[in-house]
Amino acid sequence: MKKIFVILFSILSTLASAQDIVMSAGAEKTVTGNQYSGSVMYETKKSWGAGAFYQTGLTPDNGEGYLKNPFYGIALQAPIARSQRISFIGVLRTGLVNEKFLAVVPSLETRIQITPKAGVAVGAGLRSGYPSLSAKLFVRLF
Amino acid sequence: MKILTNFLATALTLLLFASCEPEADLFRQFVIRQGEHYSTTHIVQSLQSNSLKFDAIFDASARYHFTEEGFQDSKNKLLGFSDCNSLHHENSARFAWQWFNDRLEIYAYCYVNSQRVEKFIGVVNIDEVNHYELSIKGDHYIFHLNHQEPVSIERGSVCQTGVYYMLWPYFGGTLPAPHNVTIQLNINN
């Protein structure tokens, strides 16, 4: 019981020091084609974070809709190294592709803060057994 | 510093989606060593689409002759996946191959509710790029080899949402590879 309190206290302490909701939009180049994404992350001062994402490929309308392999789920991030303007972050996305395939996607991101509230990030991950590259714009809302 | 950072950010973003360079050669080589069943490139990966499309190249190492001829028609596995939250000996679908009658034969190879189901698909040549597609359509697996007529096998009763883990090249059957066998695969969904 004592251990549970310690863990809960640690989590609450982390949440209490959190200060940012970060929204991002970007694209990822995967072995199965380009995908376009959006995410909302709850981020602590030290760049730990958790949130949700949605991404999908777009195809010409073939009667089956425009979306190709939509992928949504939760994302967790952990800081690897940080400076004032550039930081390196590990990200783990877990979710469903096509609403049926459970997928886990690890990736590494380099973030460049352009203004105090906005920046860009580029990353490399592993999708379907092959490397993927991503780029996105992010904005800190509050 | 600010200009440099902005320049870096723009350059990296443009670099990512620049298309002036040709696509990289994404063929990945799998080697099954003599005396082994599993290929040396071990990858843990799950299927993330309703279809698995890939190109494969066999070289001369795909030719083999067992002294015990009864094993010559054992199917070697090329590529496929286990079905939703199933082990591959319960529900799975794979392309398989064998060197038989002095030709390289390709098969559809499935486990459906733990029962093995095999269907002949066609013949391919050594050192030739061939295109393979394995799709889940409703309650069937559909196998395409190049532009040949598709082959269909009924799925077992499985869930819809879960893990569909990929199954990579495997030699056998019962007997291991009699010599090193090299296969090149390029997944291109």
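What counts and what doesn't
Residues numbered from 1 in each chain as written. Chains lettered and ligands numbered in written order. Predicted model: local features only at pLDDT ≥ 70, side-chain atom pairs only at ≥ 80, totals over all residues. Heavy atoms only, no water. Helix = DSSP H or I, 4+ residues; strand = E, 2+ residues; numbered from the N terminus. Buried < 20%, exposed > 50% of the residue type's maximum accessible area, 1.4 Å probe, protein only. Contact = heavy atoms within 4.5 Å. Areas by Shrake-Rupley, 256 points an atom, 1.4 Å probe, with all protein chains shown as cover. Polar contact = N/O pair within 3.5 Å; in protein donor to acceptor, adjacent residues only side chain to side chain. Core = buried A, V, L, I, M, F, W, Y, C linked by side-chain atoms within 4.5 Å. Pairing = 2+ DSSP bridges. Axes fitted to C-alpha atoms, helices over the stretch in contact; angles between N-to-C directions. Salt bridge = Lys/Arg side-chain N within 4 Å of Asp/Glu carboxyl O. Phe/Tyr/Trp six-rings, centres within 6.5 Å; stacked < 30°, edge-to-face > 60°. Lys NZ or Arg CZ within 6 Å of the ring centre and 35° of its normal.

**A closer look at the overall build of chain B**
Along chain B, the regular secondary structure elements total one helix and eleven strands. If you list the helices and strands of chain B from N to C, you get α-β-β-β-β-β-β-β-β-β-β-β. For chain B, the residues scored as buried account for 48% of the 189 residues in total. In chain B, the proportion of contacts linking residues at least 24 apart, taken out of those at least 6 apart, comes to 65%. As presented, chain B carries roughly 9500 Å² of accessible surface, and 52% of it is formed by carbon and sulfur atoms.

**So, the side chain of Arg111(A)**
Residues and elements named next belong to chain A. With respect to the helices and strands, the residue Arg111 is situated in strand β6 (residues 101-113). With a relative accessible area of 4%, Arg111 lands in the buried category. Here Gln77 takes part through its side chain, which lies 3.1 Å from a polar atom of the side chain of Arg111.

**Points about the nonpolar core**
One finds Phe54(B), Phe58(B), Leu78(B), Trp97(B), Tyr132(B) and Phe143(B) to be the most contacted residues of the largest nonpolar core, which totals 57 residues. Per-element accounting of this core gives the leading share, five residues, to strand β5 (residues 103-112) of chain B.

**Side note on the sheet that holds strand β4 (residues 67-82) of chain A**
Residues and elements named next belong to chain A. If you trace the eight strands once around the closed barrel, you get β1-β2-β3-β4-β5-β6-β7-β8, paired in antiparallel fashion. When strand polarity is set aside, the average angle formed by the axes of neighbouring strands in this sheet is 25°. Pairing of strand β2 (residues 33-43) with strand β3 (residues 49-58) involves eight bridges; the strand directions are antiparallel. Bridging across to β3, Ser39 finds its partner in Phe53.

**Topic: the pattern of salt bridges**
By the definition in use, this model includes eleven salt bridges over all chains. Salt-bridge contacts for Asp20(A) lead to Arg140(A); the nearest nitrogen and oxygen are separated by 3.1 Å. A residue pair is termed long-range when its members are at least 10 positions apart, and Asp20(A) in strand β1 (residues 20-30) and Arg140(A) in strand β8 (residues 130-140) qualify at 120 residues. In terms of burial, Asp20(A) and Arg140(A) fall into one category: buried. Between Glu118(B) and Lys75(B) there is a salt bridge, and its shortest N-O distance comes to 3.2 Å. Residue Glu118(B) is found in strand β6 (residues 115-124), and its partner Lys75(B) is found in the loop between β2 (51-58) and β3 (76-82); the two are separated by 43 residues along the sequence. Classification of Glu118(B) by relative accessible area gives partly exposed; the value is 33%. What emerges from the salt-bridge pattern is a single network uniting Asp20(A), Glu43(A), Glu109(A), Arg111(A), Lys136(A) and Arg140(A).

**Points about the packing of aromatic side chains**
Inspection of every chain in the model, using the stated rule, returns 18 aromatic pairs over all chains. When the ring of Tyr109(B) is compared with that of Tyr111(B), the centres are 5.9 Å apart and the planes differ by 80°; the resulting orientation is edge-to-face. The class for Tyr109(B) is buried, based on a relative accessible area of 4%. Over the ring of Phe138(A) we find Arg111(A), and its NZ or CZ is 5.0 Å from the ring centre. Positioned above the aromatic ring of Tyr130(A), the side-chain terminus of Arg28(B) is 4.4 Å from the ring centre.

Purely geometric stuff here, so don't read any function into it on its own.
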